[in-house]
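Structural features, examined
Each chain is listed here by its residues.
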Amino acid sequence: MSTSEPGVDTHEMVLIHRVLRREFGQLPRLIRAAAGDRARSKVVGAHAREMLTFLHTHHTGEDELLFPLLRERAVLDPELMDRMDAQHAQVDDAVTVIDAELPAWTASADTAAGERMAARIDAMMPTLIEHLDEEEQEILPIVSVTLTQSEWNALGRHGMSAIPLTRRLVILGHITEETDDAERRRFMKVLPAPARVAYKLIGHRQFIREAGEIRG
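In this report, we go over the structure that sits alongside the text. (Residues numbered from 1 in each chain as written. Predicted model: local features only at pLDDT ≥ 70, side-chain atom pairs only at ≥ 80, totals over all residues. Heavy atoms only, no water.)

Examining the overall build of the chain
- Scanning the chain for helices and strands turns up 8 helices and 0 strands.
- Ordered by position from the N terminus, the helices and strands of the chain form the series α-α-α-α-α-α-α-α.
- Here the chain has a C-alpha radius of gyration of 18 Å; the compact-globule value for 216 residues is 17 Å, and the two agree.
- The principal-axis extent of the C-alpha atoms belonging to the chain is close to 55 × 45 × 25 Å.
- When the 216 residues of the chain are sorted by exposure, 47% land in the buried category.
- For the chain, restricting intrachain contacts to residue pairs at least 6 apart in sequence, the fraction spanning at least 24 positions comes to 83%.
- Of the roughly 10700 Å² of accessible surface on the chain, a fraction of 57% belongs to carbon and sulfur atoms.
- For the chain, the centre of its 26 positive side-chain charges and the centre of its 35 negative side-chain charges are spaced 10 Å apart. (Helix = DSSP H or I, 4+ residues; strand = E, 2+ residues; numbered from the N terminus. Rg over C-alpha atoms; globule rule 2.2 N^0.38 Å. Buried < 20%, exposed > 50% of the residue type's maximum accessible area, 1.4 Å probe, protein only. Contact = heavy atoms within 4.5 Å. Areas by Shrake-Rupley, 256 points an atom, 1.4 Å probe, with all protein chains shown as cover. Lys, Arg positive; Asp, Glu negative; His and termini not counted. Charge placed at Lys NZ, Arg CZ, Asp CG, Glu CD.)

Here it is in structure tokens:
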């Protein structure tokens, strides 16, 4: 396919959404379970920080690189796009507050502070889930016939740019954790060959080890 022609495979965003549902869905439990345990709060806190950055980058990429193109080229339901914007704002407000509280809790494992963060995530989840679901059902079908491959690739590069080189193989593990064989092959096919080899040799084991430590 020419990079200048519309028509892209958007399924990789579905895989990203699975990471967000899964990891934010379990964070409240992990935070509460680490109460008073500073060794655990350091592990869970580092993971929470990484996921907050992952979510924030995902949303800024959509705000800057996806939604403007859709508004320019496609006939969109104004109410749908207003909901997308409002959901982003609600989730981003929660992320900002949690991100500010996280360093002190990571260092202290304070029970009250942890409960506040866990409750904020619990309160955020219905909006986040609604947003991800509606995006998959309503937005991605439009994206697939509206963006060019190069424009879609730019969104992926934006997401990757916020991930330190030393963490990219672990993030690949998060993305492929719940994939079936066909999905995994489909996703890995778009990665550069060196990344595929590095993940097979190093990254998968690193992800399994870290996931075990995080989830206890």
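Re a nonpolar patch on the surface
- Taken together, the side chains of V197, L201 and I202 make up a nonpolar region of the molecular surface, amounting to roughly 280 Å² of accessible area.
- Residue V197 is classed as partly exposed on the basis of its relative accessible area, which comes to 46%. (Patch = residues over 30% accessible without salt bridge, like charges linked within 9 Å, V, L, I, M, F, W, Y side chains within 5 Å. Salt bridge = Lys/Arg side-chain N within 4 Å of Asp/Glu carboxyl O.)

Details of the nonpolar core
- In this structure, F24, L55, W105, I121, M124 and L128 are the most contacted members of the largest nonpolar core, which totals 39 residues.
- Mapped by element, the contributors of at least two residues to this core are α1 (11–33), α2 (38–73), α3 (78–108), α4 (111–144), α6 (168–176), α7 (181–189) and α8 (193–215).
- When near neighbours in sequence (up to four residues on either side) are disregarded, L128 contacts F24, L55 and V91.
- Counting 18 residues, the second-largest nonpolar core is a separate cluster that includes L80, M81, I139 and V143. (Core = buried A, V, L, I, M, F, W, Y, C linked by side-chain atoms within 4.5 Å.)

Focus on the layout of surface pockets
- One number sums up the size of the largest pocket: a volume of about 1000 Å³.
- Broken down by secondary-structure element, the contributors of at least two residues to the lining of the largest pocket are α1, α2, α5 (149–161), α6, α7 and α8.
- Top contributing element to the lining of the largest pocket by residue count: α5, with 9 residues.
- Along the lines of polarity and charge, the residues of the lining of the largest pocket split into 19 nonpolar, 9 polar and 8 charged. (1 Å grid on protein atoms, 1.4 Å probe; cavity = no way out; pocket = protein on both sides within 12 Å on 5 of 7 lines; lining within 4 Å. Points joined across faces, edges and corners; volume = space filled by probe spheres on them. Nonpolar A, V, L, I, M, F, W, Y, C, P; charged D, E, K, R; others polar.)

Some remarks on the side chain of T57
- Relative to the elements of secondary structure, T57 occurs in helix α2.
- Judged by relative accessible area, which is 9%, T57 ranks as buried.
- Excluding its chain neighbours within four sequence positions, the residues that come into contact with T57 are H158, G159 and A162.

Re the environment of E151
- Turning to its location among the elements, E151 is positioned in helix α5.
- The spacing of E151 and M51 is 100 residues in sequence and 25 Å in space, taken between C-alpha atoms.

Details of the pattern of salt bridges
- With the rule as written, the count across this model stands at 19 salt bridges.
- In this structure, R71 engages D85 in a salt bridge whose closest nitrogen and oxygen atoms are separated by 2.6 Å. Of the two residues, R71 is situated in helix α2 and D85 in helix α3; the sequence distance between them amounts to 14 residues.
- Overlapping salt bridges, with partners in common, bring together R22, E23, E177, E178 and R215 in one network.

Description of the packing of α3 against α4
- The interhelical angle for the contact between α3 and α4, taken along N-to-C directions, is 150°, at an axis separation of 9 Å. Classified by the angle their axes make, α3 and α4 are roughly antiparallel. Between α3 and α4 lies a crossing whose hand is left-handed.
- Here the contact of α3 with α4 is composed, by residue class, of 16 nonpolar, 6 polar and 8 charged. (Axes fitted to C-alpha atoms, helices over the stretch in contact; angles between N-to-C directions. Parallel < 35°, antiparallel > 145°, perpendicular 65-115°, else oblique. Left-handed = near helix turned anticlockwise from the far one by under 90°.)

Purely spatial values, then, with no claim about function.
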